[in-house]
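So the chains spell out like this:
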Amino acid sequence: MSGERYPPMGGYVNPFGALIPSTFPPETDPNIVACFQMADQDGSGLIDDKELQRALSSYEQSFSLRTVRLLMYLFTNTNTRKIGPKEFISVFYCLQHWRAIFERFDMDRSGKIDANELREALLSLGFAVSPVVLDLLVSKFDKTGGESKAIEYDNFIECCLTVKGLTDKFKEKDTMYTGNATFTYEAFMLMVLPFLIA
């Protein structure tokens with residue numbers, strides 16, 4: 001994406017654009033294929049947000065619809081709220097990776113990670129956030145509204161998706177990796193709003 005203008009020259013890219021169905025590569029784990037096919041109720045080759053939510057819960061990973069929509073946005077870069085086999089595989093393996101990170105940093109095995117554990121987990125993913133940003137993330141993603149100062153797995157995924165997505169969008173504008181970027185108001189809104197309306 002380096003060198004591309006945002007929004008691209010010649011007009012506006014519709015974040016609700018059509019998704020082209022894909023197919024599973026031949027070496028795909030048959031369990032993943034079966035999970036996708038069970039979720040694809042209409043046989044269209046695409047699954048929507050509610051179908052993905054059900055498919056993921058069959059692997060003992062219960063996610064809010066908001067988290068599922070953020071996953072879909074991250075892997076399609078659109079708000080179509082549908083994914084095909086290619087994206088499903090990416091979502092599946094990404095969640096496995098993030099589950100392992102969550103479990104590695106949930107030192108006390110409480111099913112939650114506190115601010116210090118979250119900082120370490122984000123660092124392991126390549127995201128160094130300031131203490132102020134870390135406090136905001138914990139407050140936002142703590143299901144108790146900040147009282148427990150810890151976040152559960154579902155919210156950890158949503159937190160990581162938000163940090164990763166916003167960081168990736170920022171890097172598109174900060175091509176020299178200086179930590180600074182210039183945005184038009186429109187570009188800023190198009191960058192942030194998908195993470196707020198998921």
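Explanation requested: the packing of helix H3 (residues 65-76) against helix H4 (residues 85-105) in the structure shown.
Angle between the axes and distance between the axes: these two values describe a pair of packed helices. In contact at an axis separation of 10 Å, H3 and H4 are set at 115° when each is read in the N-to-C sense. The chirality of how H3 crosses H4 is right-handed. Facing H3, whose interface residues are Leu 71, Leu 74, Phe 75 and Thr 76, H4 presents Glu 87, Ser 90, Val 91, Cys 94, Leu 95 and Trp 98. For the contact of H3 with H4, the residue count by class is seven nonpolar, two polar and one charged.

Which parts of the structure should I look at to understand the packing of H3 against helix H7 (residues 153-173)?
In the contact formed by H3 and H7, the axes pass within 9 Å of each other and the chain directions differ by 30°. Compared by their axis directions, H3 and H7 come out roughly parallel. The two elements H3 and H7 cross, and the hand of that crossing is left-handed. Facing Arg 66, Thr 67, Leu 70, Leu 71, Tyr 73 and Leu 74 of H3, the residues of H7 in contact are Asp 154, Ile 157, Glu 158, Leu 161, Thr 162, Lys 164, Gly 165 and Lys 169. Its residues assigned to classes, the contact of H3 with H7 shows six nonpolar, three polar and five charged.

Would you mind going over the packing of aromatic side chains with me for this structure?
The geometry of an aromatic ring pair comes down to the distance between the two centres and the angle between the two planes. Counted under the stated rule, the structure contains eight aromatic pairs. Ring geometry for Phe 63 against Tyr 153: centres 5.7 Å apart, planes inclined by 50°, an arrangement best described as tilted. Separated by 90 residues along the polypeptide, Phe 63 in the loop between helix H2 (49-57) and H3 and Tyr 153 in helix H7 bring together distant segments of the chain. With respect to burial, Phe 63 and Tyr 153 carry one shared label: buried. Measuring from ring centre to ring centre gives 5.4 Å for Tyr 73 and Phe 195, while their planes differ by 85°; the resulting arrangement is edge-to-face.

How do you make sense of the pattern of salt bridges when you look at a structure like this?
When their charged atoms lie close together, side chains carrying opposite charge are able to pair. Summed over the entire model, instances satisfying the criterion amount to seven salt bridges. Where Arg 99 meets Glu 103, a salt bridge forms, and the shortest distance between an N and an O atom there is 3.9 Å. With Arg 99 and Glu 103 both in helix H4 and four residues apart, this pair spans about one turn of that helix. One salt bridge connects Lys 169 with Glu 172, and the closest N-O pair in it is separated by 4.0 Å.

Whenever I open this one, the side chain of Thr 28 confuses me. Can you help?
Checked against the element boundaries, Thr 28 lands in the segment before helix H1 (30-39). Here Thr 28 falls in the buried class, since its relative accessible area comes to 14%. Within polar-contact distance, the side chain of Thr 28 engages the backbone oxygen of Pro 25 at 2.7 Å. Ignoring any residue separated from it by four or fewer positions in sequence, one finds Thr 28 in contact with Val 33 and Ile 89.

Hey, could you run me through the nonpolar core in this one?
In a soluble, globular protein the nonpolar side chains are often hidden away together inside. Core analysis: the biggest nonpolar cluster contains 46 residues, and Leu 52, Phe 88, Leu 95, Trp 98, Leu 118, Phe 156 and Ile 157 have the highest contact counts within it. Counting residues per element, the ones that place at least two in this core are H1, H2, H3, H4, helix H5 (115-124), helix H6 (131-141) and H7. Sorting elements by how many residues they give to this core places H4 first, with ten residues. For Trp 98, the contacting residues outside a window of four places in its chain are Leu 74, Leu 125, Tyr 153, Phe 156, Ile 157, Cys 160, Leu 161 and Lys 164.

Rules of the game
Residues numbered from 1 in each chain as written. Predicted model: local features only at pLDDT ≥ 70, side-chain atom pairs only at ≥ 80, totals over all residues. Heavy atoms only, no water. Axes fitted to C-alpha atoms, helices over the stretch in contact; angles between N-to-C directions. Helix = DSSP H or I, 4+ residues; strand = E, 2+ residues; numbered from the N terminus. Left-handed = near helix turned anticlockwise from the far one by under 90°. Contact = heavy atoms within 4.5 Å. Nonpolar A, V, L, I, M, F, W, Y, C, P; charged D, E, K, R; others polar. Parallel < 35°, antiparallel > 145°, perpendicular 65-115°, else oblique. Phe/Tyr/Trp six-rings, centres within 6.5 Å; stacked < 30°, edge-to-face > 60°. Buried < 20%, exposed > 50% of the residue type's maximum accessible area, 1.4 Å probe, protein only. Salt bridge = Lys/Arg side-chain N within 4 Å of Asp/Glu carboxyl O. Polar contact = N/O pair within 3.5 Å; in protein donor to acceptor, adjacent residues only side chain to side chain. Core = buried A, V, L, I, M, F, W, Y, C linked by side-chain atoms within 4.5 Å.

Purely geometric numbers; function is a separate question.
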